[in-house]
Amino acid sequence: MIRPGQDFDPTRRRLLGGGVTLGALTLLTGCNVSDHDAVQDALQRVSVWNDRVQAALFGPHRLAPTFPESMAVKDFRYNAWYGPDQAPVLDPKDYRLGLAGRISDKRSWSVDALHALPQVTQVTRHICVEGWSMIGKWTGTPLRVFLERIGADTTARYVGFECADGYYEGIDMPTALHPQTLMAFRLHDALLPHRHGFPFKLRIPTKLGFKNPKFVTTLYVTDKEPRGYWPDRGYNWFSGL
Amino acid sequence: MSQKGVQTHAWPLRLAHWTMAIAVLVMIGSGWRIYNAEPILPFRFPLFATLGGDVEAALARHGDPGVASAIAWHFAGMWLLGAAFGLFLLYGLLSGHFRRDYLPLTPRAFVRDFTDALCFRLEHRLGVYNAVQKAFYWGVLLALVVVILSGIAIWKPVQTYPLETLFGGFQGARTVHFLAMTAIVGFLAVHLALVALVPRTLVSMITGRSGPSPEPEGEAP
């Protein structure tokens with residue numbers, strides 16, 4: 001996830017001092033052009049085309065690189081549009097994961113029930129849309145195992161998520177069924193800290209970081225493309241790696 | 001159709017050139033805005049030189065400071081750059097343009113022409129490239145290949161794995177992408193300076209002809 005607003009100082013906008021610089025050329029070719037609705041629409045159409053290209057490029061059995069445990073970072077970087085102390089603190093006594101959509105057994109799940117699922121550990125790399133990356137050790141249940149357990153219709157096209165902090169995301173079914181896509185309960189052997197999404201976050205090493213929702217409270221299976229918090233703010237929907 | 005002047009650039013080359021020119025500017029401008037979100041060196045590019053729109057407008061529109069727009073530009077511009085560069089390579093190889101005009105290139109000729117250029121003794125003859133020019137064109141060709149390959153490694157590090165290991169990993173690919181961009185910007189600076197010194201080259205890249213009176217029906221607006 002990224003932090004809007006922090007890295008840019010609007011007051012730094014300056015007028016050009018004359019002379020044909022690269023910046024001036026760039027400006028002429030479209031700096032403020034970006035703000036026209038027609039340009040935004042055109043860019044959005046290319047983004048939808050890019051979704052299709054990425055879905056075609058995605059190998060359902062192609063694995064993201066894994067790393068030796070010694071490379072895993074213990075103090076994993078926190079990232080959201082709010083500070084870590086504002087992250088929702090969910091009480092395991094009250095928490096229930098709600099299920100909706102094309103799922104045959106829609107009974108909700110407690111933390112204990114989730115923890116009783118079979119778990120695997122993997123050391124994979126998180127890549128943020130901003131460009132930073134970090135290797136982490138994650139333990140949890142492959143989403144595929146959970147989807148089969150709840151009788152999800154895996155011929156549906158998407159799996160969507162709603163989160164305790166108002167975040168929402170969705171992924172394509174091939175990614176949901178990918179062997180490395182986890183419901184991660186543990187980070188570096190410890191119970192997932194609240195700021196990283198207790199009781200679980202989706203850990204998807206084939207997607208950019210913002211496609212890895214935290215503190216998931218509802219999971220649904222659908223044929224309608226789920227919206228995403230950052231895709232609604234102009235980021236590419238598929239955002240596969 | 002009049003045949004004044006000598007044909008210097010065939011139309012596929014001019015089409016590829018100008019499309020690449022637009023695509024490269026889009027890629028640099030949007031790339032700088034993306035870089036600013038997570039700089040790898042202790043500086044940021046001035047906002048006016050980046051592509052992604054007004055920060056306040058972007059924040060008002062969708063709560064993002066224009067990085068989303070910059071990425072959208074970058075992933076649209078990549079298709080334009082790929083298509084134009086592909087056309088350029090294809091034409092350059094098939095027509096013999098690279099072999100005929102970019103070769104031969106020897107270190108001795110390079111040193112000779114480079115020294116002449118520094119002493120302002122080097123003449124510019126349209127349609128004939130001196131050794132320094134040839135080296136520059138090979139250099140920017142290589143930089144474009146590297147920028148595209150490292151860009152693919154950054155865009156699709158999992159699907160193209162182990163491509164990134166060629167650049168020393170994902171962060172290495174970001175560094176290489178940045179360095180290749182720097183080389184292209186350096187090329188552009190020299191390229192534009194030389195066009196300013198010999199404006200006839202601009203005319204011939206638009207009309208495809210050199211000579212005292214270019215064709216009036218040239219496609220320049």
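- In the annotation of an unreviewed UniProt entry, the entry for chain B reads Cytochrome b561 bacterial/Ni-hydrogenase domain-containing protein, and the organism field reads Methylobacterium isbiliense.
- In its Sequence similarities (unreviewed entry) section, the UniProt record describing chain B reads: "Belongs to the HupC/HyaC/HydC family."
- Reading the Subcellular location (unreviewed entry) entry of the UniProt record for chain B gives the comment "Cell membrane".

- Where an unreviewed UniProt entry is consulted, chain A appears under the name Oxidoreductase molybdopterin-binding domain-containing protein, with the organism given as Methylobacterium isbiliense.

## So, the UniProt feature "transmembrane region" (unreviewed entry) in chain B
Residue and element names in this part refer to chain B.
- Here the UniProt-annotated "transmembrane region" (unreviewed entry) positions come out as residues 12-35, 71-94, 135-155 and 175-198.
- With 100% helix and 0% strand, residues 71-94 has end C-alpha atoms that lie 34 Å from one another.
- For residues 135-155, the end-to-end C-alpha separation is 30 Å, with 100% helix and 0% strand making up the annotated structure.

## Side note on the confidence of the model for chain A
- Residues with a pLDDT of 70 or more make up 87% of chain A, whose mean pLDDT is 89.
- Within the model, the stretch residues 1-23 of chain A combines pLDDT values under 50 with 64 contacts to residues more than four positions away or in other chains.

## Quick look at the pattern of salt bridges
- Summed over all chains, the structure comprises 14 salt bridges over all chains.
- Between R107 of chain A and D105 of chain A there is a salt bridge, with the nearest N and O atoms lying 2.9 Å from each other.
- Here R125 of chain A ties to E164 of chain B by a salt bridge, and the two come within 2.8 Å at their closest N and O atoms. Of this pair, R125 of chain A sits in strand 2 (residues 120-127) while E164 of chain B sits in the loop between helix 6 (131-155) and helix 7 (170-197), placing the two residues on different chains.
- For R125 of chain A, a relative accessible area of 9% gives the class buried.
- Residue E164 of chain B is classed as buried on the basis of its relative accessible area of 3%.
- One network of salt bridges, with partners in common, ties together E69, K137 and D189 of chain A.

## Let's talk about the packing of helix 3 (residues 67-94) of chain B against helix 6 of chain B
Residues and elements named next belong to chain B.
- With their axes 12 Å apart at the nearest point, helix 3 and helix 6 run at an angle of 140° to one another. Our classification of the angle between helix 3 and helix 6 gives oblique. By crossing handedness, the relation of helix 3 to helix 6 is classed as left-handed. Packed against helix 3, whose contacting residues are F75, M78, W79, L81, F85, F88 and L89, the element helix 6 presents L141, L144, V145, I148 and W155 at the interface.
- Across the contact of helix 3 with helix 6, the residue classes break down as twelve nonpolar, no polar and no charged.

## Focus: the interface of chain A and chain B
- If you look at the interface, chain A gives 56 residues, while chain B gives 50 residues.
- The junction of chain A with chain B conceals about 4500 Å² of combined surface from both sides, 64% of it contributed by carbon and sulfur atoms.
- The tally of links between chain A and chain B comes to two salt bridges.
- A salt bridge links R77 of chain A to E38 of chain B, with the nearest nitrogen and oxygen atoms 3.3 Å apart.
- For the pair chain A and chain B, the interface holds 17 residue pairs in polar contact (both at pLDDT 80 or more).
- Those elements that provide at least two residues to the side of chain A that touches chain B are helix 1 (22-30), helix 2 (37-57) and strand 2 of chain A.
- Top contributing element to the side of chain A that touches chain B by residue count: helix 2 of chain A, with nine residues.

Rules behind the numbers
Here the residue numbers are simple positions, counted from 1 along each chain's written sequence. Each chain is given a letter, starting from A, and each ligand a number, starting from 1, according to the order in which they appear as written. Local features in this predicted model are restricted to residues of pLDDT 70 or higher, and side-chain atom pairs are both shown and tallied only at a pLDDT of 80 or more, whereas totals for entire chains, interfaces and linings draw on every residue. The side-chain figures draw on all heavy atoms in the structure; neither hydrogens nor water molecules are used. UniProt positions are given in the numbering used here, feature names are shortened, and annotations may be inferred rather than shown by experiment. Secondary structure elements are defined from DSSP: runs of H or I of at least 4 residues count as helices, runs of E of at least 2 residues count as strands, and each element is numbered from the N terminus. As a per-residue quantity, pLDDT reports the predictor's confidence and falls between 0 and 100. Should any heavy atoms of two residues lie within 4.5 Å, those residues are counted as being in contact. For this document, the term salt bridge refers to a Lys or Arg side-chain nitrogen within 4 Å of an Asp or Glu carboxyl oxygen. Three labels apply to residues, based on accessible area from a 1.4 Å probe with only protein chains included: buried if under 20% of the type maximum, exposed if over 50%, partly exposed otherwise in between. Fitted lines through C-alpha atoms serve as axes, helices being fitted only where they are in contact, and the angles separating the N-to-C directions of these axes extend from 0 to 180 degrees. By definition in this entry, angles of less than 35 degrees are roughly parallel, angles greater than 145 are roughly antiparallel, angles of 65 to 115 are roughly perpendicular, and the rest are oblique. Take the far helix as the reference: if the near one is turned anticlockwise from it by less than a right angle, the crossing is left-handed, and if turned clockwise, right-handed. Side-chain classes are defined by residue name, with Ala, Val, Leu, Ile, Met, Phe, Trp, Tyr, Cys and Pro counting as nonpolar, Asp, Glu, Lys and Arg as charged, and the others, Gly among them, as polar. Values labelled buried area give the accessible surface lost by two parts on being combined, using a 1.4 Å probe and summing over both. Think of a polar contact as two N or O atoms within 3.5 Å of one another; within protein, one of them needs to be a possible hydrogen donor and the other a possible acceptor, and neighboring residues in sequence only count if both atoms come from side chains.

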